[in-house]
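Chains, contacts and geometry: an overview
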Amino acid sequence: MTMPSGSTHSRTTTHSWNTRAVHAGKDDLAALGLHAPPIDLSTTYPSYDVVGEAERLDEFAAGHDDGGPPVYGRVANPTVRRFETALAELEGAESAVAFASGMAALSACLLAQVTAGKPEVVGVRPLYGTTDHLLESGLLGNSVTWATPDEVASAITDRTGLVVVESPANPTLTEVDLRALADACGPVPLLVDNTFATPVLQRPLTLGASLVLHSATKYLGGHGDVMGGVIACAEDFARRLRQVRFVTGGMLHPMAGYELLRGLATLPVRVRAASATAAELARRLAAHHRVTRVHYPSLGGAMVSFETSVDPVALVAAVRLITPAVSLGSVDSLIQHPASLTHRIMEEVARKDAGISPDLVRLSVGLEDVEDLWTDLSEALDQPTR
Ligand SMILES: *Cc1c(COP(=O)(O)O)cnc(C)c1O
C-alpha cells in the first residue's frame, strides 16, 4: 500500500485535541513503516565525521537540539524527543524538555534562573511538600518569598527569577486565577505545576504562564510504573533547560520516554473517567456524617481531599480496595495523610499557613467502579472510632 503523501506524515491541525493526544509525537511512524514508536536505548552514537560531530556537540552543550543523532545519551534521545514533542503540542508550547523526575525538572528551572543572576523565587502556598522544601531550603542557591496571589506583584523584585504556583494545589486542591496571576508577574516567568489538572483540564500557557511543570510520574504515565518530569515552555527557555540537563545529567530514560508517550494516548479518557468518579465521591463524602469538609476543584479532576472526624491515620489504615500510599494519578486509587507523609517535610507552622489541616486526607481516584470505591471508603469511615 502506498502512503497518502502528507496526510499522515505532517501534523494535521484540523484534528481535535483528543485525537492529537493519541497521535502526537508519532506523526512520522507510518512513513517509517512502523506502528509502535521505536525505543532507542543507545548511550552513544557513531561519530565518523569528528569535526562535524564536535561542532554539533558544542551546539548541544549550548542547549540546541537539531533532532539528529545525539552523540551521547545524556544529551538527548530520539524516544524521549517523541514524548517531548507530544507533550509540547498538548500543552500548546513551542518546546518541552523531559527529566528523570518532576523534582529534576523543577531543579533545572531554578538552576537556570539562579545562575542567570535571578536567585529570588516568589512561591504561592500550598505546593507539593518537596517543592516547598526545595524552595524554602535554598539548596540550589535561591531565596524564597511566600505570597498569596494578591501579594505576588509586590513581592517581585528585579532579582526575581520565578513565580511558582500549583493550581489545583497539592493537597488542598486550592485554585488560583492563573490569568490574573500571570498579569501580576509581568515579565517574570510564572511556573505553573499542572500535575493535578493535566492538559486535559487546563493549559496554563494559554492563560499567560511561561513554564508548565509536570510530575510525569503521576497522570501522564498513569499506571504508577514510571518516573519522569517535564517542562513545557518557549524554545529560548527550553535551550537553557537543555544546557542544565546536559551538565547535571537529569535526563529521562528512553524506556520512561516510551511509557510516558504511551500514557499520553489514554490521558484524556483516563482523566475524564476518573474525574467523573471523583466528583461523585466528593458529593457522597460531603453528605457523610463523619466528613467535616470536602475539597474538590471547580475545574474537576481526579483528586479529592477531605477532613474527617475519624482519626485520619486509622482511616487510611482501614481501606481495603484503595491502596494507602503516596503518589497519585494511577489507574488504581490511592489514599494518604498529607500531614504524615507528602507534606511532613514542611514545618508545622508552614503547613498551617498553607491551610493543610492535620485532619486532611487526600484521595487519588483511579478507574475502579464508583460503587466499589464508595463501599471501601464508607466502611473505613464507619468503623468504630478508636
Ligand atoms: C509528585 C509531584 C511532584 C514531584 O514529582 P516527582 O516526579 O516525584 O519528582 C511535583 N509536583 C506535584 C504536584 C507532585 O504531585
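Source: prediction; values computed, not measured.

**Quick word on the sheet that holds strand 9 (residues 303-308)**
- Within the open sheet, the five strands sit side by side as 8-9-12-11-10. Their pairing is mixed. Two strands in the sheet have a free side with no partner beyond their single neighbour: strand 8 (291-295) and strand 10 (323-324).
- In the sheet, strand 9 pairs with strand 12 (residues 360-364) via five bridges, with the strands oriented antiparallel. Looking across to strand 12, one finds that M303 is bridged to S364.
- Where helix 13 (residues 370-382) meets the sheet, its contacts fall on strand 8, strand 9, strand 11 (334-336) and strand 12, and the angle it forms with strand 9 comes to roughly 15 degrees.

**Digging into the site of the ligand**
- Near the ligand there are 15 residues, and of these M103, D193, S215, T217 and K218 occur at the shortest range.
- Here an oxygen atom of the ligand sits 2.7 Å away from a polar atom, N or O, in the side chain of K218.
- Starting from 380 Å² of accessible surface for the ligand in isolation, the protein chains cover 95%.
- Residues that form the shell around the ligand fall into these classes: five nonpolar, seven polar and three charged.

**Comments concerning the packing of helix 3 (residues 78-91) against helix 10 (residues 254-286)**
- Closest axis-to-axis distance for the helix 3/helix 10 pair is 7 Å, and the angle between their directions is 35 degrees. Crossing handedness for the pair helix 3 and helix 10: left-handed. Across from T79, V80, R82, F83, A86, L87 and L90 in helix 3, the residues of helix 10 making contact are P254, G257, Y258, L260, L261 and L264.
- Grouping the constituent residues of the contact of helix 3 with helix 10 by class yields 10 nonpolar, two polar and one charged.

**Side note on the nonpolar core**
- Grouped together as the largest cluster of nonpolar side chains are 51 residues, with contacts concentrated most on F83, L87, V152, V165, L190, L220 and L264.
- When sequence neighbours within four positions are dropped, the list of residues in contact with L264 reads A21, F83, A86, L87, L90 and L220.

**So, helix 3**
- With 14 residues, helix 3 should cover 20 Å at 1.5 Å per step; its first-to-last C-alpha distance of 20 Å lies within 8% of that length.
- Burial of helix 3 is extensive: 12 of the 14 residues sit out of reach of the surface.
- Turning to helix 3, its buried residues are T79, V80, R81, R82, F83, E84, A86, L87, A88, E89, L90 and E91.
- Looking at where helix 3 begins, the residue whose side-chain oxygen comes 2.8 Å from the main-chain nitrogen of T79 is N77.

**Here we look at the packing of aromatic side chains**
- On inspection of all chains with the given rule, the structure shows zero aromatic pairs.
- Across the ring face of F99, the terminal group of R245 is positioned such that the distance to the ring centre comes to 6.0 Å.

**Topic: the sheet that holds strand 1 (residues 95-99)**
- Sheet architecture is open: seven strands sit in the order 1-7-6-5-4-2-3, paired in mixed fashion. The open sheet terminates on both sides in strands that have one partner only, identified here as strand 1 and strand 3 (143-146). Here the average twist between neighbouring strands, direction ignored, is 20 degrees.
- Pairing of strand 5 (residues 190-193) with strand 6 (residues 211-215), which is carried by three bridges, proceeds in the parallel orientation. Following the sheet pairing, L191 is matched in strand 6 by L211.
- Set on the sheet, helix 3 makes contact with strand 1, strand 6 and strand 7 (229-233); between it and strand 1 the angle comes to about 130 degrees.
- Where helix 9 (residues 235-248) meets the sheet, its contacts fall on strand 1, strand 6 and strand 7, and the angle it forms with strand 1 comes to roughly 20 degrees.

**Topic: unusual backbone geometry**
- Following R125, the chain continues to P126 via a peptide bond in cis, the omega torsion being 0 degrees.
- As for its position among the elements, P126 is in the loop between strand 2 (120-123) and helix 5 (129-137).
- With an omega of -10 degrees, the peptide bond running from S167 to P168 counts as cis.
- The backbone phi angle of L173 is positive, close to 65 degrees, even though this residue is not glycine.
- Along the chain, L173 falls in the loop between strand 4 (160-166) and helix 7 (178-185).
- Despite not being glycine, T198 shows a phi value in the positive range, around 60 degrees.
- You can see T198 is positioned in helix 8 (residues 198-201).

Thresholds applied
- Residues numbered from 1 in each chain as written.
- Predicted model: local features only at pLDDT ≥ 70, side-chain atom pairs only at ≥ 80, totals over all residues.
- Heavy atoms only, no water.
- Pairing = 2+ DSSP bridges.
- Helix = DSSP H or I, 4+ residues; strand = E, 2+ residues; numbered from the N terminus.
- Contact = heavy atoms within 4.5 Å.
- Axes fitted to C-alpha atoms, helices over the stretch in contact; angles between N-to-C directions.
- Near = heavy atom within 4 Å.
- Polar contact = N/O pair within 3.5 Å; in protein donor to acceptor, adjacent residues only side chain to side chain.
- Areas by Shrake-Rupley, 256 points an atom, 1.4 Å probe, with all protein chains shown as cover.
- Nonpolar A, V, L, I, M, F, W, Y, C, P; charged D, E, K, R; others polar.
- Left-handed = near helix turned anticlockwise from the far one by under 90°.
- Core = buried A, V, L, I, M, F, W, Y, C linked by side-chain atoms within 4.5 Å.
- Buried < 20%, exposed > 50% of the residue type's maximum accessible area, 1.4 Å probe, protein only.
- Expected span 1.5 Å × (residues − 1).
- Phe/Tyr/Trp six-rings, centres within 6.5 Å; stacked < 30°, edge-to-face > 60°.
- Lys NZ or Arg CZ within 6 Å of the ring centre and 35° of its normal.

Fair warning: the whole summary comes from geometry, so function is off the table for now.
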